[in-house]
Structures are given as structure tokens and as C-alpha cells.
Amino acid sequence: MFWKDSSARSSSSSGREQSGVGPFGQVRVLVVGDSGVGKSSLVHLILEGSAIARPAQTVGCAVGIKHVTCGSAGGSSNNISNDAERNFFVELWDVSGHDRYKACRSIFYTQINGVIFVYDLSQRKTKTNLNKWAVEVAETGTFSALLGSGGPGGLPVPYLVIANKVDIVPSDGTRVRSGSIVDLARQWLEKRGLLPRSEELPLTESFPGNSGLISAAKEARYDKEAVTKFFRMVCFNYFIDLLFHTSFFFIC
């Protein structure tokens, strides 16, 4: 495998011991979505490879580190540079989705290289709100290694959409629980056909990446390969941007 990864919460020395080289790059990936969708559980699963029963409520923002190493085993032409093994440290910034932090969340939206949007499959409103999250990050954040502005809300960096809690959604797709009295009432009305179609909560079909990944963080299930590919894309984008600016500096 060209790419290999391992998890690390804190010590950067683990990366040096495994590869024999120091860190090459550090990228920042935001993890955003409504409160209660399972962001912290998902981040713990990605970093530790195991489920967490009762994650603490995120206060403001929590940061974890994912160590990813890229290099060559046999001189592949896909190597980043000169067949050398390079380390990347992916910072996962788990931003609280609680409304009490809305006014100050922008302080965490700096030097962003990628975004993971998370919603709860059992609560349609959390999927609809992805649009609001995309606009909030795009309008108040600063970004590194831009791709353009073709993402949701004008987001200029790579992004991934993950639908969590697939384990509590019946196979027929109906919701089994919700986070508010309003949603419970809506479910009751929908079940009896009493809610006019025009008032149904939209499913955000227009949100880019709508057919995103699914996960069950509480059962330690997620698409590890797809998430690793996303981290690879973010790191590669960072590296290309670095090469471009370095080359431009020498040309000037």
C-alpha cells in the first residue's frame, strides 16, 4: 500500500519512530454538524479505532490528531516526492454544535484544509442544517490550499458528508427518534398522513455530496477506507499548494 495510517492522540514522536522521518505537513479538518449527531463518537472511532460509550459533551472545540504516512514501497510514480516517506498530521477539530457557542465558533474556523459534515440519519432536520453549517464555515472561516469555491455554501476546500447512527434507523428508512418535541409531533402527523406535502421537512437533496458515507459510531462501524482517502486528498492538496508557493518564491 502506498498510503498507511495510524492513530495518535498527542505524541508526535510516534510518527518519527514508525517512519524514521520527522513530520512533513500538518493539515486541519473541521468536523461540524448539529449537537447530538455523534461527531465526538465518530472522531473517537476514527482516531482510536473503537467505540466510546458515553463521550463527554464538547465544550467549544476538541482537537485530536490522526497520523498519516505516505511513502514508497518500490518506487511508485505516485509518490509525493523523490520516493521519500513523509508524515502528515491531520488535526480533527470537533466543533460543538450547541447554539450557545454559535457566536464564538468562528475562532475555530482558521487555516482550514478540509471539512467533515456529520448528520443524524434519524433526524432529517440535522441533514437540512448542513447547508447552514456550510455557509457558516465558508463565510467566517479562513482557508489553506484552496481548490476553488465549488463546494456547498462556496466552500473552497475538500469536504466529506457522513450520515451517522445508521444502527438506529430501521431498514425501511423511517425515523425512530428525534431531538425535539416539534420533530416528534411532525413524525406523528406524517405517520397519519395529516401533514401537507408542502410542509414536509426537505431532505437537502441539493446538498453536494448528498449520497455521503454512513456510519454507526456507537457500534464502531464506518468506511475507514473512504475516510482515509479523504485525508489523503486533503494532504495531497496541501502538498501541491506548498510546492506551488515554494516554486513561485524561487521564480520571483
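Quick summary incoming for the structure in this document. (Residues numbered from 1 in each chain as written. Predicted model: local features only at pLDDT ≥ 70, side-chain atom pairs only at ≥ 80, totals over all residues. Heavy atoms only, no water.)

### A few points about the overall build of the chain
(1) Moving on: Across its full length, the chain holds 6 helices and 7 strands.
(2) Moving on: Element order for the chain, N to C, with α for helix and β for strand: β-α-β-α-β-β-β-α-α-β-α-β-α.
(3) Moving on: Out of the 252 residues in the chain, the part that is buried amounts to 46%.
(4) Moving on: Sequence-distant contacts in the chain: of pairs separated by 6 or more residues, those separated by 24 or more amount to 74%.
(5) Moving on: When the accessible area of the chain is evaluated, it comes to approximately 13,000 Å², of which 55% is carbon and sulfur surface. (Helix = DSSP H or I, 4+ residues; strand = E, 2+ residues; numbered from the N terminus. Buried < 20%, exposed > 50% of the residue type's maximum accessible area, 1.4 Å probe, protein only. Contact = heavy atoms within 4.5 Å. Areas by Shrake-Rupley, 256 points an atom, 1.4 Å probe, with all protein chains shown as cover.)

### Concerning the pairing of strand β6 (residues 159-164)
Looking along a regular strand, one sees side chains alternate from face to face of the sheet.
(1) Moving on: The buried count for β6 comes to 5 of 6 residues, which makes it a mostly enclosed element.
(2) Moving on: Examined bridge by bridge, strand β5 (residues 114-120) and β6 share 6 bridges and lie parallel to one another. Residue pairing across strands places Ile116 opposite Leu160, the latter belonging to β6.
(3) Moving on: Here β6 pairs with strand β7 (residues 213-214) via 2 bridges, running parallel. Pairing of Ile162 across the sheet is with Leu213, part of β7. (Pairing = 2+ DSSP bridges.)

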